[in-house]
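Understanding the architecture of this molecule
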Amino acid sequence: MDGLIQGKIAIITGAGSGVGRAAALLFAQHGAKIVASDVDAAAAQATADAVRAEGGTAIAQACNVAVAAEVDALVAVAVENFGRLDIMYNNAGITIQPQPGQKLKRFIDATDHDIDKLFGVNVFGVMNGCRAAIRQFEAQGGGGVIVNTASVAGLIGYGGVVYGATKGAITTLTRALALELAGQNIRVNSVCPAGMPTKFTAFSTSDMAVASMAAAHPLGRAIEPAECAAGALFLASSLAANITGVNLPVDGGLTAGIPLRKPG
Ligand SMILES: NC(=O)c1ccc[n+]([C@@H]2O[C@H](COP(=O)([O-])OP(=O)(O)OC[C@H]3O[C@@H](n4cnc5c(N)ncnc54)[C@H](O)[C@@H]3O)[C@@H](O)[C@H]2O)c1
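In this report, the structure presented in the accompanying data block is examined. (Residues numbered from 1 in each chain as written. Predicted model: local features only at pLDDT ≥ 70, side-chain atom pairs only at ≥ 80, totals over all residues. Heavy atoms only, no water.)

Some remarks on the site of the ligand
The ligand sits among 28 residues. The nearest are Ser17, Asp38, Asn91, Tyr163 and Thr198. A distance of 2.8 Å separates an oxygen atom of the ligand from a polar backbone atom of asparagine 91. Within the backbone of phenylalanine 200, a nitrogen or oxygen atom sits 3.5 Å from an oxygen atom of the ligand. Bound to the protein, the ligand loses 93% of the 830 Å² it would expose on its own. Contributions of two or more residues to the shell around the ligand are made by α1 (18-29) and α5 (161-181). (Near = heavy atom within 4 Å. Polar contact = N/O pair within 3.5 Å; in protein donor to acceptor, adjacent residues only side chain to side chain. Areas by Shrake-Rupley, 256 points an atom, 1.4 Å probe, with all protein chains shown as cover. Helix = DSSP H or I, 4+ residues; strand = E, 2+ residues; numbered from the N terminus.)

Things to note about the layout of surface pockets
Roughly 210 Å³ of volume is contained in the second largest pocket. Along its surface, the second largest pocket is lined by 13 residues, and Lys8, Val145, Arg187, Ala236 and Ser238 are the ones closest to its centre. Taken together, the residues of the lining of the second largest pocket sort by class into six nonpolar, four polar and three charged. (1 Å grid on protein atoms, 1.4 Å probe; cavity = no way out; pocket = protein on both sides within 12 Å on 5 of 7 lines; lining within 4 Å. Points joined across faces, edges and corners; volume = space filled by probe spheres on them. Nonpolar A, V, L, I, M, F, W, Y, C, P; charged D, E, K, R; others polar.)

Some thoughts on the packing of aromatic side chains
Per the counting criterion, the structure on display carries two aromatic pairs. Plain terms: the ring middles of phenylalanine 27 and tyrosine 89 are 6.0 Å apart, the flat faces sit at 15 degrees to each other, and that makes the pair stacked. Separated by 62 residues along the polypeptide, phenylalanine 27 in helix α1 and tyrosine 89 in strand β4 (residues 87-90) bring together distant segments of the chain. By the burial criterion, phenylalanine 27 is buried, and tyrosine 89 matches it. Seen in terms of ring centroids, tyrosine 163 and phenylalanine 200 are 5.6 Å apart; in terms of plane orientation they differ by 55 degrees. Their pairing is tilted. One end of the pair, tyrosine 163, is in helix α5; the other, phenylalanine 200, is in the loop between β6 (186-193) and α6 (204-207), and 37 residues separate them in sequence. The exposure class assigned to tyrosine 163 is buried, which follows from its relative accessible area of 12%. (Phe/Tyr/Trp six-rings, centres within 6.5 Å; stacked < 30°, edge-to-face > 60°. Buried < 20%, exposed > 50% of the residue type's maximum accessible area, 1.4 Å probe, protein only.)

Here's the deal with the pairing of β4
Of the two faces of β4, the one lined by Ile87 and Tyr89 and the one lined by Met88 and Asn90 are each fully buried. Both strand β1 (residues 9-12) and β4 contribute to a ladder of three bridges, which runs parallel. Bridge pairing in β4 places isoleucine 11 opposite methionine 88. Bridge count between β4 and strand β5 (residues 144-149): four bridges; the pairing is parallel. Within the sheet, the bridge partner assigned to asparagine 90 lies in β5 and is asparagine 148. (Pairing = 2+ DSSP bridges.)

With respect to empty space enclosed by the protein
Unfilled space is identified by rolling a water-sized probe across the atoms. Summed over the entire model, instances satisfying the criterion amount to one cavity of 30 Å³ or more. There is about 90 Å³ of room inside the largest cavity. Considering the residues around the largest cavity, the lining is formed by Thr95, Ile96, Leu104, Lys105, Arg106, Phe107, Ala110, Leu118, Gly160, Val161, Val162 and Tyr163. If one sorts the elements of the lining of the largest cavity by residue count, α5 sits on top with three residues. Split into classes, the residues belonging to the lining of the largest cavity amount to eight nonpolar, two polar and two charged.

Regarding the sheet that holds strand β7 (residues 247-250)
With parallel pairing, seven strands are arranged side by side in an open sheet as β3-β2-β1-β4-β5-β6-β7. Unpaired on one side and paired on the other, β3 (57-62) and β7 mark the two borders of the sheet. Sheet twist, expressed as the mean angle between neighbouring strand axes with direction ignored, is 20 degrees. Along the sheet face, α5 touches β5, β6 and β7 and points at about 160 degrees away from the line of β6. Set on the sheet, helix α8 (residues 225-236) makes contact with β4, β5, β6 and β7; between it and β6 the angle comes to about 165 degrees. (Axes fitted to C-alpha atoms, helices over the stretch in contact; angles between N-to-C directions. Contact = heavy atoms within 4.5 Å.)

Notes on the environment of serine 238
Within the secondary structure, serine 238 is located in the loop between α8 and β7. Serine 238 sits in the exposed class, given a relative accessible area of 58%.

Some remarks on the packing of helix α3 (residues 68-82) against helix α4 (residues 112-139)
Contact pair α3 / α4: the axes reach a minimum separation of 9 Å and the direction vectors enclose 40 degrees. Considering the angle they form, α3 stands oblique to α4. As α3 packs across α4, the resulting crossing turns out to be right-handed. Every residue of α4 that contacts α3 at Ala68, Val71, Asp72, Val75 and Val79 is listed here: Asn128, Gly129, Ala132, Ala133, Arg135 and Gln136. Classifying every residue of the contact of α3 with α4 by side-chain character gives six nonpolar, three polar and two charged. (Parallel < 35°, antiparallel > 145°, perpendicular 65-115°, else oblique. Left-handed = near helix turned anticlockwise from the far one by under 90°.)

Right under this line is the structure:
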């Protein structure tokens, strides 16, 4: 049986860890050829190796998404190796990691450097990925899929203020860009995960214990990276052929509302 994205060429940024690595494995299991990309070259290579160890097709490419020229080069590598691009998954993202034993920084304490860095990776990184992909999709005559990893922090107030502002930029970009590109049959959607136990939340042991992370989700547990990747796979696949401009929560019900009584 063909996979959901059989034969599609997919770039995944931030593929060296967490959601990106889970997506590389899942997309390959569903038939895609993967360009696993990360600012950490060794981590990207490890992901490509893991895909190949399962019988999939993958290459690795180092890329800092905050640098437009590197993202353009990333798309060029996909085209050189596989002939085209079908799916651009802009997943790489960062947060401000507190020092061990310290709490998340308040907005008022964030430095200009913190703000530049977060917007550079989380917002410019996604914009760079979208622009490079759109140029390639247009050169191919239209069609194509963009998926972004936003966050529940792009839908509601949740955790760090600057981080939330970057993710709000992604959810708005997703809607507006979907409208701009609909005429070319280029779909643009985002996944909005809630708390996941990845490197990204490694600081949680001091600030937001795993147990409280789980308790925050009505379904009673944190989100697995593979569950977020599954949302991205759905949006990237032809099952979502008539879905664009959507910010899909993968959040165990966190953004559904305020429960008036305990679930169960
Ligand atoms: N973990 C969570 O609780 C959570 C919640 C909501 C949203 N997210 C989002 O999910 C996405 C993936 O995060 P994760 O949890 O898998 O984190 P992670 O830290 O495990 O993985 C992120 C990967 O991105 C890479 N990366 C960092 N900066 C980069 C850059 N400039 N260019 C290219 N790659 C870069 C890192 O090297 C790492 O391999 C991010 O966009 C994050 O904002 C995470």
